[in-house]
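Coordinates in review
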Amino acid sequence: MSGWKYTLIIFVTLVAAGIVMISATDMPWYIVLPVFGIVGIALLISIYFEHRDNKKSFEEAKKFSAGYAFKSPREEQRYAAWTAKHQPVPAGRDMLADMISRFRTPRIASYLLGVLALGLIEIILFKEKSEGRGEPGVIYIVLGVMLLLLYLAVADIAGVKARRFYNRLTDRQDFASVERSYTEGVIVGVPRNYINIGPDYIIAVTPKGAAPLRRSDVVKISRADVLTAYYTNSIYSGSKDSYFIKIYTSVAPNLYSVQMNKFNMLMAYEVLKASGLPADDTIEMR
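A separate point is the pattern of salt bridges. Per the stated rule, a full pass over the model turns up six salt bridges. In this structure, Arg172 engages Asp174 in a salt bridge whose closest nitrogen and oxygen atoms are separated by 2.9 Å. Residue class for Arg172 comes out partly exposed when judged on its relative accessible area of 28%.

This is how it looks when you write it as structure tokens:
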């Protein structure tokens, strides 16, 4: 059952509950009706916005299927302004070092700030313990969280995940060619989600791994927009678009998806298409 039907059922139940409350209790109607009325209006507003967004998504789907999405004058102007500041960047001369740098995120600073804040709390807790106050168990809990945050920060700085993905690639017989293609390629995307477009390989990098794809194995590239609707207690609360570059190949597993922001997705598609790969201008939407 869709979200708006749930909302309608809740609305009808709400009205019935208000009537029962007025007839079965001593609560005055001028208190019950406004409260239930406000909640009911909120539900009706939710239904309206869900219907509007659904209608809009169907209209967008038609544009996507024809490859016309992101073609409005305003959208093109924003994209032109973005591309003036962002261009595909050359990969580093060392593949491992480049991967490590692209797996680092601003979360490192958050981890270290968390360690610092908890360290100050730990000092206070130790002082209370020396004075015979406080709970010793709390000290060890805070210390454990500090060590966890410190590990996450060090793992990001050292590039533990990137090193693991790189080491998996070294087991490939064609690793030397993969590494050479990577260092000669250009990169489009965001940290931990990017595509290296090289002369021999397209390397799709995600938080789950790095997949080198021979250019000769690529049968199609396309764009995709995944629309996700969110509900809170069955009440529609909004939707969010997620953008992907999809690379279809002639060898298993046949499909690789890399999530990006919208403009990075558009740029990646343009660069991949300009590099000579078969491209499908229609845009998948689901």
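Another point: the environment of Val186. Of note, Val186 is situated in strand 2 (residues 186-190). As for Val186 and Asn196, which are separated by 10 residues in sequence, their C-alpha atoms are 5.6 Å apart. If we skip the residues at most four places from it in the chain, Val186 touches Pro88, Val89, Pro90, Ala91, Ile195, Asn196, Ile197 and Val271.

Quick look at the packing of aromatic side chains now. Counted according to the given criterion, the structure contains five aromatic pairs. Measuring from ring centre to ring centre gives 6.3 Å for Tyr79 and Trp82, while their planes differ by 15°; the resulting arrangement is stacked. With Tyr79 and Trp82 both in helix 3 (residues 73-85) and three residues apart, this pair spans about one turn of that helix. Accessibility expressed as a relative area gives 15% for Trp82, which makes it buried.

Another point: the pairing of strand 4 (residues 201-206). A regular strand carries its side chains on alternate faces of the sheet. Taken across its six residues, strand 4 has six buried, putting it largely inside the fold. Residues Tyr201, Ile203 and Val205 point to one face of strand 4 and Ile202, Ala204 and Thr206 to the other, with burial holding for every one of them. Pairing of strand 3 (residues 193-197) with strand 4 involves four bridges; the strand directions are antiparallel. Across the sheet, the residue bridging to Ile197 is Ile202, located in strand 4. Direction of pairing for strand 4 relative to strand 5 (residues 209-214): antiparallel, over a ladder of six bridges. Within strand 5, the residue paired with Val205 across the bridge is Ala210.

With that out of the way, let us pick up helix 5 (residues 107-130). Under the 1.5 Å per step criterion, the end-to-end length of helix 5 is 34 Å for 24 residues, consistent within 8% with the ideal 34 Å. Along helix 5, the residues that are buried comprise Ile108, Tyr111, Gly114, Val115, Leu118, Gly119, Glu122 and Leu125.

Taken together, five strands build an open sheet; the order of strands is 1-2-3-4-5 and the sheet is antiparallel. Sheet topology places strand 1 (89-90) and strand 5 at the edges, where each strand pairs with a single neighbour. As judged from the five bridges shared by strand 2 and strand 3, these two strands associate in the antiparallel manner. From the neighbouring strand, Val188 faces strand 3, where its bridge partner is Ile195. With respect to the sheet, helix 8 (residues 175-184) is in contact with strand 2, strand 3, strand 4 and strand 5, its orientation differing from that of strand 4 by roughly 80°.

Two elements in contact, helix 4 (residues 95-103) and helix 7 (residues 160-169), have axes whose closest approach is 8 Å; the angle formed by their N-to-C orientations is 145°. Between helix 4 and helix 7 the crossing geometry is right-handed. Taking contact as the criterion, the partners of Met95, Leu96, Met99, Ile100 and Phe103 in helix 4 are, on helix 7, Lys161, Ala162, Arg163, Phe165, Tyr166 and Leu169. Here the residues of the contact of helix 4 with helix 7 are counted per class, giving nine nonpolar, no polar and two charged.

Cut-offs used in this document
Residues numbered from 1 in each chain as written. Predicted model: local features only at pLDDT ≥ 70, side-chain atom pairs only at ≥ 80, totals over all residues. Heavy atoms only, no water. Salt bridge = Lys/Arg side-chain N within 4 Å of Asp/Glu carboxyl O. Buried < 20%, exposed > 50% of the residue type's maximum accessible area, 1.4 Å probe, protein only. Helix = DSSP H or I, 4+ residues; strand = E, 2+ residues; numbered from the N terminus. Contact = heavy atoms within 4.5 Å. Phe/Tyr/Trp six-rings, centres within 6.5 Å; stacked < 30°, edge-to-face > 60°. Pairing = 2+ DSSP bridges. Expected span 1.5 Å × (residues − 1). Axes fitted to C-alpha atoms, helices over the stretch in contact; angles between N-to-C directions. Left-handed = near helix turned anticlockwise from the far one by under 90°. Nonpolar A, V, L, I, M, F, W, Y, C, P; charged D, E, K, R; others polar.

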